[in-house]
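Survey of secondary and tertiary structure
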Amino acid sequence: MIDMHSHILYGIDDGSRTREESIELLKFLEKQGVTESIVTPHYIDDTQFVASIEKKKELIRDLQKETNIKLYIGNEVYFSDKTIESLNSKKLSTLNDSKYILIEFPLSNRIKDVDEMVYDLSTNGVIPIIAHPERYLYVQEDYKYLDKLVEIGALFQVNYGSIIGTYGSKVEKTAKTLLKKGYISFLGSDIHRIDKPIDLEKAMKKLKKIVKKQEIVDDLTYNNIKKIINNESL
Ligand SMILES: [Fe+2]
């Protein structure tokens with residue numbers, strides 16, 4: 001599988017703490033069947049989670065020597081009214097510098113006028129991929145919240161952990177609903193630390209049961225992410 005969401009670069013967010021931990025995480029992911037990985041440290045304006053592109057490239061160069069997993073640059077961008085400015089001033093990374101950006105929303109409070117803000121992003125030439133919508137309370141309450149985002153071209157990524165209960169039963173149920181209804185284009189590990197591993201193999205089996213067809217599993221875990229890496233349309 002190709003992973004498109006992880007916090008395995010050390011020392012720049014709440015993910016991996018040390019070089020050793022990053023190497024452990026990469027070994028773990030490789031054992032679970034990951035062959036390529038877009039690394040996506042948090043980017044949150046006005047916090048300490050704002051590592052520069054150069055810093056991320058330096059960490060990727062360093063870790064690439066230690067793993068067979070092909071690494072690509074990215075960010076998980078906490079959505080705010082500064083996101084477009086930060087994007088245009090090259091403070092943050094899209095996924096492998098493609099037209100796709102991984103966006104995170106607040107867990108419990110919905111953003112007012114979210115569709116207008118996301119639309120602004122798409123008029124700037126980028127396609128928003130919303131990270132783990134199943135974890136947002138307002139999506140758990142009403143998944144149709146996502147419909148207006150679908151209309152303006154947003155895509156969605158579910159966490160592997162969500163479908164095996166890592167974040168509780170409400171998240172699991174919402175993830176299943178979104179997968180069955182066809183909202184989801186990608187799966188991602190969102191792995192942070194070696195003491196909080198994600199059983200990707202178990203999640204893959206569960207995924208097959210949820211979506212039924214192997215072609216859909218392949219699209220969600222490999223083909224669609226390969227298209228992002230190659231900056232192709234889905
Ligand atoms: Fe994340």
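The structure reproduced in this document is the subject of the present report.

Each value, and the rule that gives it
- Residues numbered from 1 in each chain as written.
- Predicted model: local features only at pLDDT ≥ 70, side-chain atom pairs only at ≥ 80, totals over all residues.
- Heavy atoms only, no water.
- Pairing = 2+ DSSP bridges.
- Helix = DSSP H or I, 4+ residues; strand = E, 2+ residues; numbered from the N terminus.
- Donors = N, O, S within 2.8 Å, 3.2 Å for Na, K, Ca; no water.
- Tetrahedral: all angles 85-135°; square planar, octahedral: opposite > 155°, others 65-115°.
- Buried < 20%, exposed > 50% of the residue type's maximum accessible area, 1.4 Å probe, protein only.
- Salt bridge = Lys/Arg side-chain N within 4 Å of Asp/Glu carboxyl O.
- Core = buried A, V, L, I, M, F, W, Y, C linked by side-chain atoms within 4.5 Å.
- Contact = heavy atoms within 4.5 Å.
- Axes fitted to C-alpha atoms, helices over the stretch in contact; angles between N-to-C directions.
- Parallel < 35°, antiparallel > 145°, perpendicular 65-115°, else oblique.
- Left-handed = near helix turned anticlockwise from the far one by under 90°.
- Nonpolar A, V, L, I, M, F, W, Y, C, P; charged D, E, K, R; others polar.
- Phe/Tyr/Trp six-rings, centres within 6.5 Å; stacked < 30°, edge-to-face > 60°.
- Lys NZ or Arg CZ within 6 Å of the ring centre and 35° of its normal.

**Thoughts on the sheet that holds strand β7 (residues 127-131)**
What the 6 strands build is an open sheet, ordered β3-β5-β6-β7-β8-β9; its pairing is parallel. Edge positions in the open sheet fall to β3 (42-43) and β9 (186-188), since each of these has one partner strand only. Bridge analysis of β3 against strand β5 (residues 76-78) gives 2 bridges, and the strand direction is parallel. Residue Tyr-43 lies in a different strand from β5, and its bridge partner there is Val-77.

**A look at the coordination of the iron ion**
Geometry sets the ideal angles at a metal, namely 109.5 degrees for four tetrahedral donors and 90 or 180 degrees for six octahedral donors. Donor atoms from the polypeptide that coordinate the iron ion comprise His-5 (NE2), His-7 (NE2), Glu-76 (OE) and Asp-190 (OD), at 2.1 to 2.2 Å from the metal. Given 4 donor atoms and angles of 83 to 173° at the metal, the environment of the iron ion is assigned as irregular. Given a relative accessible area of 0%, His-5 falls into the buried group. Take His-7: its relative accessible area is 1%, and that puts it in the buried class.

**Considerations on the pattern of salt bridges**
As enumerated under the stated definition, the model contains 13 salt bridges in all. With a closest N to O distance of 2.8 Å, Arg-19 and Asp-62 form a salt bridge. Pair noted here: Arg-19 is in helix α1 (residues 19-31) and Asp-62 is in helix α2 (residues 53-64), with a separation of 43 residues, a long-range link. Its relative accessible area of 26% is what places Arg-19 among the partly exposed residues. Residue Asp-62 is classed as buried on the basis of its relative accessible area, which comes to 15%. Across the pair Asp-46 and Lys-82 runs a salt bridge whose closest N-O atoms are separated by 2.8 Å. Linking Asp-46 in the loop between β3 and α2 with Lys-82 in the loop between β5 and α3 (83-88), this pair joins segments that are 36 residues apart in sequence. Salt bridges here are not isolated pairs; linked through shared partners, they connect Arg-19, Asp-62, Lys-65 and Glu-66.

**Details of the nonpolar core**
Counting 75 residues, the largest nonpolar core has Met-4, Phe-105, Ile-129, Leu-149, Ile-163 and Leu-179 as the members making the most contacts within it. In contact with Met-4, other than residues within four places in its own chain, are Ile-38, Thr-40, Leu-95, Leu-102, Ile-129, Gln-157, Phe-186, Leu-187, Gly-188, Ile-225 and Ile-228.

**Some points on the packing of helix α7 (residues 169-180) against helix α8 (residues 200-211)**
It is at 9 Å that the axes of α7 and α8 come closest, and there the two elements cross at 50°. Comparing their axes, α8 and α7 come out oblique. α7 and α8 meet at a crossing whose hand is right-handed. Each of Glu-172, Lys-176, Leu-179 and Lys-180 in α7 lies in contact with α8, whose residues at this interface are Lys-206, Leu-207, Ile-210 and Val-211.

**Observations regarding the packing of α8 against helix α9 (residues 214-229)**
Running from N to C, α8 and α9 cross one another at 125°; their axes reach a closest spacing of 9 Å. Classed by the angle they form, the pair α8 and α9 counts as oblique. When the axes of α8 and α9 are compared, the crossing they make is right-handed. For the pair α8 and α9, contact is made by Met-204, Leu-207, Lys-208 and Val-211 and by Gln-214, Ile-216, Val-217, Leu-220 and Thr-221, respectively. Residue composition of the contact of α8 with α9, grouped by class: 6 nonpolar, 2 polar and 1 charged.

**Re the environment of Phe-28**
Tracing the chain through its elements places Phe-28 in helix α1. In the structure, Phe-28 is positioned 169 residues away from Pro-197 in sequence and 8.2 Å away in space, judged by C-alpha atoms. Apart from the residues lying within four places of it in its own chain, the contact partners of Phe-28 are Ile-191, Ile-194, Pro-197 and Ile-198.

**Remarks on the packing of aromatic side chains**
For the coordinates displayed, the defined rule picks out 6 aromatic pairs. Here Phe-156 and Tyr-183 contribute two aromatic rings whose centre-to-centre distance is 6.5 Å and whose plane-to-plane angle is 70°, an arrangement assigned as edge-to-face. Residue Phe-156 is located in strand β8 (residues 155-159), and its partner Tyr-183 is located in the loop between α7 and β9; the two are separated by 27 residues in the primary sequence. Accessibility classification places Phe-156 together with Tyr-183 in one group, the buried group. An aromatic cluster is defined as three or more aromatic residues linked by ring pairs; in this entry it consists of Phe-79, Phe-105, Tyr-136, Tyr-138 and Tyr-145. Taking the ring centre of Tyr-72 as reference, the NZ or CZ of Lys-70 above it sits at 5.2 Å.

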